[in-house]
There are 2 protein chains.
Amino acid sequence: MNVNLKKLAEMLGLSQTTVSRALNGFPEVNADTRQRVLRAVRETGYRPNRAAQRLATGRAGSIGLVMPIAQGIDSDIHFGEFLAGLGEESVRHDFHFVINPSAPEDEELTFKRLAASGNVDALFLAYVRENDPRIAMLKSLSVPFVVHGRTVDQPTDYPFLDIDNTGAFYEATRLLIQLGHRRIALINGQSHLTFAIRRRKGMIRALDENGLTFDESLSHNSLMTDEYGYRAMERFLANPEPPTAVLCSSTVMALGAVRAITRAGLTIGKDISLITHDDVLPMLKPENFMVPLTTTRSSLRAAGARIANRLISRIGMASDAVEQELWRTELIVRASTGPAPSR
Amino acid sequence: MNVNLKKLAEMLGLSQTTVSRALNGFPEVNADTRQRVLRAVRETGYRPNRAAQRLATGRAGSIGLVMPIAQGIDSDIHFGEFLAGLGEESVRHDFHFVINPSAPEDEELTFKRLAASGNVDALFLAYVRENDPRIAMLKSLSVPFVVHGRTVDQPTDYPFLDIDNTGAFYEATRLLIQLGHRRIALINGQSHLTFAIRRRKGMIRALDENGLTFDESLSHNSLMTDEYGYRAMERFLANPEPPTAVLCSSTVMALGAVRAITRAGLTIGKDISLITHDDVLPMLKPENFMVPLTTTRSSLRAAGARIANRLISRIGMASDAVEQELWRTELIVRASTGPAPSR
DNA sequence: GCATCCTCCCAAAGCGCTTTGATATTCCGC
DNA sequence: GCGGAATATCAAAGCGCTTTGGGAGGATGC
């Protein structure tokens, strides 16, 4: 049958206390005793009952995630990839995930509930919006949290992990300008999300510095699916003055954009240049496109893993240090970018 | 601060027993009392402590999953998609997931441990191999389980959910033959996995019925990534007698195959026909390919959800009924299939 | 030699829930 | 009006762990 602490202690002729301490690395246990305990554990295959542990410690052993159910985000591949990283790391530390689907209007309440319920040791927030009210709320709660992304035009006095979206698209745009491009389109994520805002900002900055202006008719915002990518590109190409280059916020959108370009009989890297942000989705590699894509790269999965790590290490630490990380992206040049065609 | 059962009971002037029963739908509670309790719950925002519940009931409230860490399966998009379904459904029922990464050689031990630890109420098995020893082991354990897929050439006296892989590829092949194709290639998953075995079998059956034979030189087995799809197709096209049609086991592989075909200057649906199995990956829709793909379709995510459901409902039921489900796939004809080119 | 300090271990309380076994109270048939 | 259900409630035990508050015994200091 199953061994529990009590039986294990009996077998060893020790008290539960000592066994428990031996297992949890307390210093006041004799080294020999500890070895004996560890051997017994190995022999019996004893595994502590998590529920009992959680109950006794008051630590839920899980990190909470409020998942928006609106707008098909749940089936968003980017979110899934991020979760994979978060999950992988949580599993490694034997943490659970408590995912709470919630309609956007109930989100704050859901967070509050989660935090109060004690079912959760840490919270995590993604899909940051402009001036996101949820952040103030998280700060008021007494639960550690980490934000993926960060607000814009607002003090960022909270723990976050973000990538340098502005920088990424600034660099990308600059490269295109250096190659002689003057009309550059942007296929972006939803306009209320801060990463989209920053990418646009980065692009505008580069344009400004070179005396160019951002053309609203060459800009698209939506969920990042290949269908929207296709339609956006199709629209751009129908423009009286079509772009000679395009920036995509996701490889998924690029998939659609490439299709539209090819269908129009144009050649990528020659007639039109394309740079996409690459979240390093395992199944959609920009280097495998017919014309390998130039990208700004940053692994979404790695971000998830890192956040899980920080969340877990913060638990119980009560440290006041506000850790903030801003990851740089890499600009990787492949065949999809080339000099602007001369008219 | 946080309300717990005790406080709630005090507030209501009831015993913990009664409150607990009222909440868990026991019949011996007065309807009025129950209403009072429910109102108090709403007002105080009381949420039961899961850990305590689990400890008291002995139900872990979680389903276990032994995840192979070998061969990059963890980053396999198909697995992720399946998990998404499983996860969605688990969350709905407030169940946890306990994912245990494990090297293949330790898998059986890991299962045993998981089952014995009591940290898990149900187990689930995927990536069934030919004559999979893990199934016998699961049967010997006293934990409910459901298998995704099923063994081949072996009694299937255990609960499973599978799709009709044989039928899917039989129908697909038959369609190609009716269109006049004689040389048909197969880009398949790893050869030890039963779904791959069955698909091949289905294809062979259709060929046999029409006096054709399966050509090993037009067959490929590997992990299902777009890179392998590309390479396999490239190899087939270099064949002295190249195929006029190809079957793919995944849209992801089809992505690579399409690239190889296009690069070779051939037109899909005309020079070469292609049918792929479609797991309904949210970001890779066969209808969005440049030439929309003919597919055999069955949602992987739906399968995950269904399995979670069955697992959860089996828990505590101790029913002996061995539920088995075999889902038919749909053959959806699009533009990637056409009559065989005349030589 | 006695007070003091470690070192190593223990008994028992407690985490918040469910469940068992009783106990009141009311209702029914005859 | 009485025995026996049926109804509605409760007190207390227990789930398996961690943690508090000691306490025995040997080493150390003076």
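Right above here is the structure, for reference.
Residues numbered from 1 in each chain as written. Chains lettered and ligands numbered in written order. Predicted model: local features only at pLDDT ≥ 70, side-chain atom pairs only at ≥ 80, totals over all residues. Heavy atoms only, no water.

K.L.:
Looking at this structure, how should I read the packing of helix α1 (residues 5-12) of chain B against helix α2 (residues 16-23) of chain B?
P.N.:
Helix-helix packing is characterised by the crossing angle of the two axes and by the distance between the axes. Residue and element names in this part refer to chain B. Between α1 and α2, the least distance of the axes is 8 Å, while the angle of their chain directions is 105°. As far as their axial angle goes, α2 and α1 are roughly perpendicular. On the side of α1, the interface is formed by Leu5, Lys6, Leu8, Ala9 and Leu12, while α2 contributes Gln16, Val19 and Ser20. Class assignment of the residues belonging to the contact of α1 with α2 gives a composition of 5 nonpolar, 2 polar and 1 charged. (Axes fitted to C-alpha atoms, helices over the stretch in contact; angles between N-to-C directions. Helix = DSSP H or I, 4+ residues; strand = E, 2+ residues; numbered from the N terminus. Parallel < 35°, antiparallel > 145°, perpendicular 65-115°, else oblique. Contact = heavy atoms within 4.5 Å. Nonpolar A, V, L, I, M, F, W, Y, C, P; charged D, E, K, R; others polar.)

K.L.:
How do you make sense of the side chain of B:Arg310 when you look at a structure like this?
P.N.:
Residue and element names in this part refer to chain B. Positionally, Arg310 belongs in helix α12 (residues 300-314). Reaching out from Arg310, the side chain makes a polar contact with the side chain of Glu325 at a distance of 2.9 Å. Filtering out sequence-adjacent residues up to four positions away, Arg310 remains in contact with Val146, Pro159, Phe160, Leu161, Glu323, Gln324 and Glu325. (Polar contact = N/O pair within 3.5 Å; in protein donor to acceptor, adjacent residues only side chain to side chain.)

K.L.:
Which parts of the structure should I look at to understand the protein's contact with DNA strand C?
P.N.:
Surrounding DNA strand C, one finds 28 residues, the nearest of these being A:Thr17, A:Thr18, B:Leu5, B:Ser20 and B:Arg21. A share of 62% is what sugar and phosphate atoms reach among the atoms of DNA strand C within 4 Å of the protein. Note that a base nitrogen of DNA strand C is positioned 3.3 Å from one of the side-chain N or O atoms of A:Arg21. At a separation of 3.5 Å, a base oxygen of DNA strand C approaches a polar backbone atom of A:Ala56. At the level of secondary structure, the elements contributing two or more residues to the surface near DNA strand C comprise α2 (16-23) and α4 (50-57) of chain A together with α2 and α4 (50-57) of chain B. (Near = heavy atom within 4 Å.)

K.L.:
Explanation requested: the sheet that holds strand β12 (residues 330-332) of chain A in the structure shown.
P.N.:
In sheet architecture, strand pairing relies on hydrogen bonds along the backbone and comes in two forms, parallel and antiparallel. All names here are of chain A. Strand order in the open sheet formed by 6 strands is β7-β6-β8-β9-β10-β12, with mixed pairing between adjacent strands. Only two strands of the sheet have a single neighbouring strand rather than two, namely β7 (219-221) and β12. Across this sheet, the average inter-strand angle for adjacent strands is 15°, counted without regard to direction. Direction of pairing for strand β8 (residues 245-248) relative to strand β9 (residues 273-278): parallel, over a ladder of 4 bridges. (Pairing = 2+ DSSP bridges.)

K.L.:
Hey, could you run me through the layout of surface pockets in this one?
P.N.:
To find leftover empty space, a probe the size of one water molecule is rolled over the atoms. Residues and elements named next belong to chain A. As a volume, the second largest pocket reaches approximately 850 Å³. Along the wall of the second largest pocket there are 30 residues; nearest its centre are Pro48, Asn49, Arg50, Gln53 and Arg54. Examining the composition of the lining of the second largest pocket, we find that 6 residues originate from one element, α4, more than from any other. Grouping the constituent residues of the lining of the second largest pocket by class yields 13 nonpolar, 11 polar and 6 charged. (1 Å grid on protein atoms, 1.4 Å probe; cavity = no way out; pocket = protein on both sides within 12 Å on 5 of 7 lines; lining within 4 Å. Points joined across faces, edges and corners; volume = space filled by probe spheres on them.)

Limitation: the analysis is restricted to geometry and does not speak to function.
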